[in-house]
Amino acid sequence: MKNKKSPYSLHLATKAIHGMDINPRTGSVSLPIHQTSTYRFTKTEEAIKFAEGDESVYAYSRYHNPTTDDVQQSLALLMDAEDAVLCASGMSAITTTILTLVKSGQEILSTPSLYGGTYRFFRDELPKLGITVRYFDPQDLPGLKKMINEQTALIFAETPTNPSLEIVNLKKLVSNVHNAEEKFSRNIFIMIDNTFATIINQQPFNFGADIVVESTSKYIGGHSDLIGGVVAARKVITNRIRQAAKSYGGSIDPFVSYLLHRSLKTFPLRVEKQNENALALAKYFETHPRVKRVLYPGLKSHPNHTAAKKQMRHYGGMVTIEIKGGAERATRVVDNLQIALNAMSLGGVETLVSIPVYSSHINMTDAELDLHGVTPGMIRISVGIEDINDLKEDFDRALRV
Ligand SMILES: *Cc1c(COP(=O)(O)O)cnc(C)c1O
């Protein structure tokens, strides 16, 4: 077609549905699943080409798969990135990226509030490899600048954080890191776990982040039926990650790639509804006598609302409330919900709740809970796309028991 518009110039909702120009050969409207582990070479010459590193030759699905390749392109387009790599899980995306970019003797500076899996990887696995992790105060970014030294290789941040939904000012984070870089005349990678906000609500690349990772098990997948992860960055970075990923082996299954592609089409629509429901529910909780505190970045009462407003298009689908009466009362509320389900994950079409002290933050000392901003009466809510009136009624009933 002549003068075809670049897909990059389209809006998010259109990109999500049409992606890149896939399947030019067959014209298939939906994405075919190449459920194969290996590919025949038509001639030995092809096998040799593959062995010599020719990326256009398919050989084995841990290295390459056409279904996965197409979904990676669609994700890169949606994330406004040069390239995206899909992995078998969010954790696989995080660990593969870090093990590719950080080496023994170097260190990572991170926000203290982290997804449990990431926290344990930092605490239990990286030290064995001689990689140190130190934690910075997300509300003191000049302090982060002071912590950077010769060994600092990567800055890792989650925003909003789990479960207190604290916001890290991305613009300030990047400028402080860049200032320090000048001093050491060296590149420090800035990696953002964007799982909670999603690329629909927050675009870390616009603020100068180098690497964006999202667990696709959450909002991108959106139906609580798959595990996957994506890392997006410039090609100079993803080429290295893609190469290492072949050895680390956390490649995504083609069927999961297909499910993700199907999910992508409704991704902006789902997140829009989740944003809307979450804001309505947060406002409702603010007026509820049994709720002590509501944490939602979209509320004026949120301590980081100003920073959230600057960097988020909308405020996401996660709401955390604190109930009067501690963990005992929180348990009673959760056990009396009839629509919202008590489950660990988040980002699906169904509303899920969890009590952090009994799930993500179980067995933590009081000091650790304090550091992560967690209290016993907290309930974390991943707001789904149900009718808002049914959700309000469900919480109202459970809160009154
Ligand atoms: C779930 C999650 C991960 C890990 O993703 P998996 O797909 O479960 O491996 C990482 N970061 C955040 C913020 C998450 O919520």
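What you are looking at is a predicted structure, and each value in this text was computed from that prediction instead of being measured.

Definitions and limits used
Residues numbered from 1 in each chain as written. Predicted model: local features only at pLDDT ≥ 70, side-chain atom pairs only at ≥ 80, totals over all residues. Heavy atoms only, no water. Pairing = 2+ DSSP bridges. Helix = DSSP H or I, 4+ residues; strand = E, 2+ residues; numbered from the N terminus. Domains from an automatic or database assignment. Contact = heavy atoms within 4.5 Å. Buried area = accessible area lost by both parts, 1.4 Å probe. Salt bridge = Lys/Arg side-chain N within 4 Å of Asp/Glu carboxyl O. Polar contact = N/O pair within 3.5 Å; in protein donor to acceptor, adjacent residues only side chain to side chain. Near = heavy atom within 4 Å. Areas by Shrake-Rupley, 256 points an atom, 1.4 Å probe, with all protein chains shown as cover. Nonpolar A, V, L, I, M, F, W, Y, C, P; charged D, E, K, R; others polar.

### Quick notes on the sheet that holds strand β8 (residues 291–295)
So, point 1. Overall, mixed pairing links the five strands, which are arranged β8-β9-β12-β11-β10 in an open sheet. Edge positions in the sheet fall to β8 and β10 (341–342), since each of these pairs with one other strand and no more.

### Notes on the domain arrangement of the protein chain
So, point 1. In terms of domain boundaries, the protein chain breaks down into domain 1 (7–264) and domain 2 (268–399).
So, point 2. Centre-to-centre separation of domain 1 and domain 2, based on C-alpha positions: 27 Å.
So, point 3. On the domain 2 side, the residues contacting the 38 residues of domain 1 number 39 residues.
So, point 4. For the domain 1 face of the interface with domain 2, the top three residues by lost area are Pro163, Asn201 and Tyr219, together amounting to 24%.
So, point 5. The tally of links between domain 1 and domain 2 comes to zero salt bridges.
So, point 6. The tally of links from domain 1 across to domain 2 stands at 17 residue pairs in polar contact (both at pLDDT 80 or more).
So, point 7. Of all the secondary-structure elements, those providing two or more residues to the side of domain 1 that touches domain 2 are α1 (12–18), α7 (170–184), α8 (198–201) and α10 (254–264).

### Structural notes on the site of the ligand
So, point 1. Around the ligand sit 13 residues in total, of which Met91, Asp193, Ser215, Ser217 and Lys218 are the nearest.
So, point 2. At 2.6 Å from a nitrogen atom of the ligand is found a side-chain nitrogen or oxygen belonging to Asp193.
So, point 3. When isolated, the ligand has an accessible area of 380 Å², and the protein chains bury 93% of it.
So, point 4. By residue number, the principal contributor to the shell around the ligand is helix α4 (residues 90–101), which donates three residues.
So, point 5. Here the shell around the ligand is composed, by residue class, of five nonpolar, six polar and two charged.

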